[in-house]
Amino acid sequence: MAGHRFDVAWTFSLVALFFLRAHCFYLPGVAPEDFKKGDPLLVKVNKLTSTKTQLPYSYYSLPFCQPEHIVDSAENLGEVLRGDRIENSPYVFKMREPQMCNIVCRKILDKKAAKAFKEKINDEYRVNMILDNLPLVVPIRRPDQENAVVYQYGYHVGLRGQYAGSKEEKHFIHNHLTFTVKYHKDPLSGSARIVGFEVKPFSVKHEYEGEWNEKTRLTTCDPHAKRAVTSSESPQEVEEKKEIIFTYDVEFQESDIKWASRWDTYLLMADDQIHWFSIVNSLMIVLFLSGMVAMIMLRTLYRDISKYNQLETQEEAQEETGWKLVHGDVFRPPANSDLLCVYVGTGVQFFGMILVMMIFALLGFLSPSNRGGLMTAMLLLWVFMGLFAGYSSARLYKLFKGTEWKKITLKTAFMFPATVFAIFFVLNALIWGQKSSGAVPFGTMFALVLLWFGISVPLIFVGSYFGFKKPATEDPVKTNKIPRQIPEQAWYMNPAFSILIGGILPFGAVFIELFFILTSIWLHQFYYIFGFLFIVFVILIITCAEITVVLCYFQLCSEDYLWWWRSYLTSGSSAFYLFLYAAFYFFTKLEITKAVSGVLYFGYMLIISYSFFVLTGTIGFYACFWFTRLIYSSVKID
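Criteria and cut-off values
Residues numbered from 1 in each chain as written. Predicted model: local features only at pLDDT ≥ 70, side-chain atom pairs only at ≥ 80, totals over all residues. Heavy atoms only, no water. Axes fitted to C-alpha atoms, helices over the stretch in contact; angles between N-to-C directions. Helix = DSSP H or I, 4+ residues; strand = E, 2+ residues; numbered from the N terminus. Parallel < 35°, antiparallel > 145°, perpendicular 65-115°, else oblique. Left-handed = near helix turned anticlockwise from the far one by under 90°. Nonpolar A, V, L, I, M, F, W, Y, C, P; charged D, E, K, R; others polar. pLDDT = per-residue confidence, 0-100. Contact = heavy atoms within 4.5 Å. Buried < 20%, exposed > 50% of the residue type's maximum accessible area, 1.4 Å probe, protein only. Polar contact = N/O pair within 3.5 Å; in protein donor to acceptor, adjacent residues only side chain to side chain. Expected span 1.5 Å × (residues − 1). Salt bridge = Lys/Arg side-chain N within 4 Å of Asp/Glu carboxyl O. Pairing = 2+ DSSP bridges. Phe/Tyr/Trp six-rings, centres within 6.5 Å; stacked < 30°, edge-to-face > 60°. Lys NZ or Arg CZ within 6 Å of the ring centre and 35° of its normal. Core = buried A, V, L, I, M, F, W, Y, C linked by side-chain atoms within 4.5 Å. Patch = residues over 30% accessible without salt bridge, like charges linked within 9 Å, V, L, I, M, F, W, Y side chains within 5 Å. Areas by Shrake-Rupley, 256 points an atom, 1.4 Å probe, with all protein chains shown as cover. Bend = angle between axes of the 7 residues up to and from the residue.

## Some words on the packing of helix H9 (residues 405-433) against helix H10 (residues 442-469)
Where H9 contacts H10, the two axes come as close as 9 Å, and the packing angle between them is 160 degrees. Classified by the interaxial angle, the pair formed by H9 and H10 is roughly antiparallel. In this structure, H9 meets H10 at a crossing whose hand is right-handed. Taken together, the residues of the contact of H9 with H10 sort by class into 19 nonpolar, four polar and one charged.

Shown next as structure tokens:
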């Protein structure tokens, strides 16, 4: 009994560890850096981003102030695919030593530079910076809530506006930055750790007396006179031959926030009630479907036990024995069985990738501090899950009495990845044509192909070899030589209608969470609520499985035994609704105006929808496969 209590306590502890994101739990392998007073703090610059174009550009694509030597930081695979370009900057701070009105450089714009700045201001581009692995944020007070602050990642390059009494719109650049570095001090050692990096941007037309030289003192902001920039009342215009002087202040604030919790402010979830509503809504769907599945299973097994001897009416007998009448055809291999094997194998590969990735995310390994970690993990997991893809497709292929296992293996290894790679290659060519940093370099493209051909394909062959080597799974009943004629079906059992109906519920179970995922992808926000996402993923699995089983049962009862493909397409059709929702999101939530950006959005959403189809279709197929084998093996066929 004591051992049982220990098991329960241990299980509860594991569940608690999975779902509670403890404040002290941080990304393993990342060590905090301690800074003493006067230590240099190196600010790095990242890509310029815009929600209007979705095309990132490197920081130095604009004529900002540059250090003597521009040094690129080493980037992982995920960072390169995200378009991150991390480089050093001319901004250098000294720990806990405030600075006022530091002059970075002076620029006189030529026609090309002025045009470049204006274009980026029109498209609302933001400048992203990094200090001690923390992104630069602009704190914005929420007017609807007292003392509530939201954080905007990066500051805008500039803004558009009009002078008082003028109707002509001008472009103004943010050329003065007031940085705030928050730190947590260790009372014992006196060293400090950085826990926040904020900025307030200003547009200021700096003035000075005499000719410009290295020792020139500004009259608009002067550390000697303690004159600081506090507003943008006299803004700096962006025009050809205009002079722009870039300056910055640095303030240091002591904070109670500990280093391990420094990301909590950035990832604060103000709308957790919506997520809980989403979970409850999805659970209602699951309970409804579970009730239907339970009724079907109980009635089916009950009629089996009673040998169908207590049927009250002829109509009921016809309904209940419908699925039994097709026992000689229900396991007949479907048309295009090779293609089904390929899609099922790819779906297993997807399922394994997402499941393992979710577990890593829940344990904190995919923290946002590890930029590009999520993308890198997805690619590597996809590659290594090829083992299960090959095994699954080969097992199903052998069940269908297939003999050419190498052919099915090649199809599994190339069909889905080649389709996605072709779409990705076209989209990448479009990005490259826009000279965006989001274009994947040739070296990275080669690395992706190497992962595919060097690791994924061999693993799929290994999985297929072992899958085909095992004895074939025996069907519970024998298949007749001559196919049974399928009677005319009611309108609501029409394949197209039932498939489209089947996709609504799985999509309905996840669409609220989908909104937050799309927002994080296309509006450049962090998504870190993996606890909610895992629950929604489990609900999606159950919903896909149950709706497919319910509709499969109705199909067999109406003596239609062509369930193989329909089971895959029933839950897989939820991807159709996902793509429709993506189109709705595009027109209602995004402000994309450029044609290239629109093509990129729909291209990437097509890849995501296709992947969702393969995943949900495979879940539905295996649920129906298990269900049909269960009911036909439990009945003694005369």
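Here the narrative resumes, following the displayed structure.
## Some thoughts on the confidence of the model for the protein
Close reading of the predicted structure is inappropriate where its pLDDT is low. Here the protein averages 84 in pLDDT, and 89% of its residues register 70 or above. Looking across the protein, the model is least confident in helix H1 (residues 2-19), with a mean pLDDT of 37, and most confident in helix H14 (residues 574-589), with 95. Scored below 50 in pLDDT, residues 1-29 makes 29 contacts in the model with residues more than four places away or belonging to other chains. A low-confidence stretch, residues 308-315 stays under pLDDT 50, and its non-local contacts, those more than four residues away or across chains, total nine contacts.

## Section: the environment of Thr230
Residue position: Thr230 is located in the loop between strand E12 (192-202) and strand E13 (243-254). Since its relative accessible area comes to 66%, Thr230 is described here as exposed. In this structure the C-alpha to C-alpha distance between Thr230 and Thr178, which are 52 residues apart in sequence, comes to 9.0 Å.

## Describing the side chain of Ser191
For Ser191, the position within the fold is in the loop between strand E11 (176-185) and E12. When its relative accessible area of 6% is taken as the criterion, Ser191 is described as buried. Within the structure, Ser191 has its side chain in polar contact with the side chain of Ser189 (distance 2.8 Å). The residues contacting Ser191, other than those within four sequence positions of it, are Asp34, Phe35, Lys36, His184, Lys185 and Asp186.

## Let's talk about helix H15 (residues 595-633)
A rise of 1.5 Å per residue sets the reference length of H15, with its 39 residues, at 57 Å; its end C-alpha atoms lie 56 Å apart and thus fit the reference within 8%. For H15, a buried count of 28 out of 39 residues is recorded, marking the element as mostly surrounded by other parts of the structure.

## Concerning the pattern of salt bridges
According to the stated counting rule, one finds 17 salt bridges in the structure shown. Note that Lys170 and Glu168 form a salt bridge whose closest N and O atoms lie 3.6 Å from each other. Under the relative-accessibility criterion, Lys170 is labelled buried at 16%. Its salt-bridge partner being Asp338, residue Lys407 comes within 3.5 Å of it at the nearest N-O pair.

## Quick word on the pairing of E12
Summarising burial for E12: nine of the eleven residues are buried, a large majority. Pairing of E11 with E12 involves ten bridges; the strand directions are antiparallel. Bridge pairing in E12 places Leu177 opposite Pro201. Following E11, the chain reverses through six residues before pairing antiparallel with E12; Gly190 in that reversal takes a positive phi of roughly 85 degrees.

## Side note on the packing of aromatic side chains
Taken as a whole and assessed by the stated rule, the structure comprises 58 aromatic pairs. An aromatic cluster of at least three residues, connected via ring pairs, comprises Tyr343, Phe350, Trp382, Phe416, Trp565, Tyr568, Tyr610 and Phe613. Between the NZ or CZ atom of Lys120 and the centre of the ring of Tyr125, over which it lies, the distance is 5.5 Å. The positively charged end of Arg629 is found above the aromatic ring belonging to Phe331, 5.9 Å away from the centroid.

## Re the nonpolar core
Core analysis: the biggest nonpolar cluster contains 158 residues, and Tyr91, Phe93, Met129, Phe179, Phe197 and Trp564 have the highest contact counts within it. The element best represented in this core is H15, accounting for 17 residues. In this structure, Cys101, Phe202, Val204 and Cys221 belong to the second largest nonpolar core, which totals seven residues.

## A few points about a nonpolar patch on the surface
Side chains of Leu387, Phe388, Val462, Tyr465 and Phe466 sit close together on the surface and give an oily, nonpolar patch of about 450 Å² of accessible area. Elements with a contribution of two residues or more to the nonpolar patch: helix H8 (386-399) and H10. Of all the elements, H10 adds the most residues to the nonpolar patch, at three residues. Relative to the elements of secondary structure, Phe466 occurs in helix H10. For Phe466, a relative accessible area of 47% gives the class partly exposed.

## A word on helix H11 (residues 495-522)
Along an α-helix, residues three or four apart share an orientation, since each turn contains 3.6 residues. Given a rise of 1.5 Å per residue, 28 residues ought to cover 40 Å, yet the end C-alpha atoms of H11 are separated by just 35 Å, more than 12% below that figure. At Phe511, H11 shows its maximal kink, close to 50 degrees. For H11, the N-terminal cap is Asn494; the gap from its side-chain oxygen to the backbone nitrogen of Ala496 is 3.0 Å. Two residues or fewer after H11 comes His524, characterised by a positive phi angle close to 55 degrees.

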